[in-house]
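Chains, contacts and geometry: an overview
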Amino acid sequence: MAQHLPILPILLPMLAALVLLGLRLDDARQRLVSITATLLLVGISTLLLDQAGSDQILHYALGNWQAPFGIALTLDRLAALMVVLTAVLALGCVTFACAGEDAQGSHFHGLFQLQLMGLNGAFLTGDLFNLFVFFEILLLASYALLMHGGGKARVGAGLHYVVLNLIGSALFLIALGVLYGATGTLNMVDMGQRMAALDGDQAALATTGALLLVVVFSLKAAALPLYFWLPRTYAAAPAPVAALFAIMTKVGVYALLRVESLVFTDTPASAPIQTWLWVAGLATMALAMIGALGARDLRMLVAYLVLISVGALLAAVGMDQRASDAALLYYLLHSTLVAAALFLIAELIDRQRGQAGTRLVCGRRLNQQRLLGGLFMIAAIGMVGLPPLSGALGKMWLLQAADDEQGLWLWALLLLATLAALIALSRAGSVLFWASHQGKPGTQRAHPAQLVGVLWLLASLPLLTLFAGPVSGYAEATAAQLARTDATLDVPETAPLAADPGARP
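Along each chain, the written sequence defines residue order, and numbers are assigned to residues from 1. Residue-level local features of this predicted model are given only where pLDDT is at least 70; pairs of side-chain atoms are given and counted only at 80 or more, and the full residue set underlies all totals for whole chains, interfaces and linings. Based on all heavy atoms of the structure, the side-chain values leave hydrogens and waters out of the count.

1. Here's the deal with the packing of aromatic side chains
- Ring pairs are drawn from Phe, Tyr and Trp, using the six-membered ring of Trp, whenever the two centres fall within 6.5 Å, and their geometry is named by plane angle: stacked under 30 degrees, edge-to-face over 60, tilted for the rest. Applying the stated criterion to the full structure yields 16 aromatic pairs.
- When the centroid spacing of 5.8 Å and the interplanar angle of 70° are considered together, the rings of F135 and F172 count as edge-to-face. Taken as a pair, F135 in helix α5 (residues 128-146) and F172 in helix α6 (residues 152-183) lie far apart in primary sequence, 37 residues in all.
- The rule is simple: take the accessible area with a 1.4 Å probe, protein chains only, and divide by the maximum for that residue type; under 20% is buried, over 50% is exposed, in between is partly exposed. What makes F172 buried here is its relative accessible area of 1%.
- Taken together, a centroid distance of 6.3 Å and an interplanar angle of 70° make the contact between W229 and Y234 edge-to-face. There is no split in this pair, since W229 and Y234 are both buried.
- In this arrangement the basic side chain of R77 is found over the ring face of Y474, its NZ or CZ atom lying 4.8 Å from the centre. We count a stretch as a helix when DSSP gives it H or I for four or more residues in a row; a strand needs E for two or more, and each element gets its number in order from the N terminus. Over a ring means this: the NZ of a Lys or the CZ of an Arg is within 6 Å of the ring centre and within 35 degrees of the ring normal.

Right under this line is the structure:
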């Protein structure tokens, strides 16, 4: 059974989605199936993390068709880490949604599981075409989840989101065609080996395809100038969906890190890609910082804070150092979970403020002011990156990873972005919890399932600090593994899963 573990994070949510979409279950049974499937996913992903800790790269050939011709899944430290992050995030989101958000439209849980299938497939796939396939699965599910419950704002944001991602998908297919024409393969390991041997026109063609691919992944990651869709989209989405979307930009960051380290290393495309990611990351941070200071709605503010973290991660990928890769992985875990928690807290605030909602204006006093104020303060400290929570460790590690030239820019922009986040969240907190209020408090109270979902995500912040040693050790080992170039694609015909021993330091 252990040899089939890599397929289970894809198979489990797919089967759960088929049950939820195919059978007419009442709300209680849908919630039971969805939460059970997500809990099982947490357990399976934990086993995969332990399996990947052996430091061997494991391949799973579907149907026993060998790479580079068959569909191959690849389990390494990075893939296992991202699958665990997805499962932990999903459990908090689906628990929150079971308080009633899921009943505002149809098929929420089925679509939610389909999105998990797409996310896990994108993290585990070993070739670019199947990365495209899983991208489309998660995007199709996200289109419907974004407009769950309807409303003018969601439809408008959803239209822009769909159009931009359709353009991105078309560019993705063009890039795949160009790269396949130049290399004759779409398996990432095989492509990396062949691209390093190209010269002349073929090298130029492959470089063009590589740069197109980077543009697509930059759109998915919401890098400047391709990020303008994100604030409105995330602010309009239902709270559990916006929280799950916190990992959507990280899919783009993951894809950039994967292809930059595995496919384009030691190729003519490597230098321009690194330069683009470094500049785009810094620019994204700078513009998102301005957006956060100007935000007049809590949800919009959190969306811009997500962009600040994306900018820091992209800049770290562009630094192309083992230390920066390790630092960005630690910070990626922290920033994803704390942003998701803030989106959920914003929904709790919205429900208790009446017509004012999450707008930063004078409104009704919150019924559970102390409880929500405490949750908001913890999440805000984590998002800003103040000690003793894990954000401070992640940002310090990123700053230490920069060399002298990079440090001049990164220190200035990251510290300014931290100050901007502190000012913006302090202003939001003072308006929501301390300013004068209008009218009597409402009777709305947070549902226990909502509080469990929020606390599940917030618990990660002190845990990432308490276990900073083991987590940072895993991140460093992951960065070291990314720096290796796989030397073989051979998978034994007798078994679908085998260790990949070939690597150079």
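Okay, back to it.
2. Structural notes on the environment of N120
- For N120, the position within the fold is in helix α4 (residues 108-124).
- According to the relative accessible area criterion, N120 is buried, its value standing at 0%.
- Once the C-alpha coordinates of N120 and I7 are considered, the two residues, 113 residues apart in sequence, prove to be 9.4 Å apart.
- When sequence neighbours within four positions are dropped, the list of residues in contact with N120 reads P9, I10, P13, L41, V83 and T86. Should any heavy atoms of two residues lie within 4.5 Å, those residues are counted as being in contact.

3. Details of helix α16 (residues 390-401)
- If you check α16, its first and last C-alpha atoms are 17 Å apart, about what twelve residues at 1.5 Å a residue would give, namely 16 Å.
- Buried residues dominate α16, accounting for nine of its twelve residues.
- The complete set of buried residues in α16 reads S390, G391, A392, G394, K395, W397, L398, L399 and A401.
- Elements that come into contact with the buried residues of α16 comprise α13 (298-319), α14 (322-352), α15 (369-384), α17 (404-434), α19 (460-466) and α20 (468-482). Between the first and last residue of a helix there are one fewer steps than residues, each counted as 1.5 Å, and that sum is the expected span.

4. Describing a nonpolar patch on the surface
- Candidate patch residues must exceed 30% relative accessible area and have no salt bridge, after which like charges are joined if within 9 Å and Val, Leu, Ile, Met, Phe, Trp or Tyr side chains if within 5 Å. Surface accessibility in these figures is a Shrake-Rupley result with a 1.4 Å probe; residues are shielded only by whichever protein chains are displayed. Any carboxyl oxygen of Asp or Glu within 4 Å of a side-chain nitrogen of Lys or Arg constitutes a salt bridge here. Where nonpolar side chains cluster on the molecular surface, the patch consists of L293, L386, L416, L419, L422 and I423 and spans about 470 Å² of accessible area.
- Tallying contributions element by element places α17 first for the nonpolar patch, with four residues.
- Examined against the element boundaries, L419 turns out to sit in helix α17.

5. Re the side chain of K250
- Its location among the elements puts K250 in helix α11 (residues 248-262).
- Charge counting treats Lys and Arg as positive and Asp and Glu as negative, with His and both chain ends excluded. For the buried K250, no salt bridge is present, and the opposite-charge side chain at shortest range is D325, 16 Å distant.
- For the purposes of these results, a polar contact is taken to be a pair of N or O atoms within 3.5 Å, where, inside protein, one atom must be able to donate a hydrogen and its partner to accept one; residues adjacent in sequence count only when each atom of the pair is a side-chain atom. Looking at K250, its side chain comes within polar contact range of the main-chain oxygen of A246, at 3.1 Å.
- Setting aside chain neighbours within four positions, we find K250 in contact with M82, V306, S309, L313, L332, S335 and T336.

6. What to know about the pairing of strand β1 (residues 57-61)
- The element β1 is largely enclosed, with a buried count of five among its five residues.
- Alternating residues of β1 divide into I57, H59 and A61 and L58 and Y60, and every residue in both groups is buried.
- Two strands form a pair only when DSSP identifies at least two bridges running between them. In this sheet, strand β2 (residues 72-75) lies alongside β1 in antiparallel orientation, the contact comprising four bridges. By the bridge assignment for β2, L58 is matched with L75.

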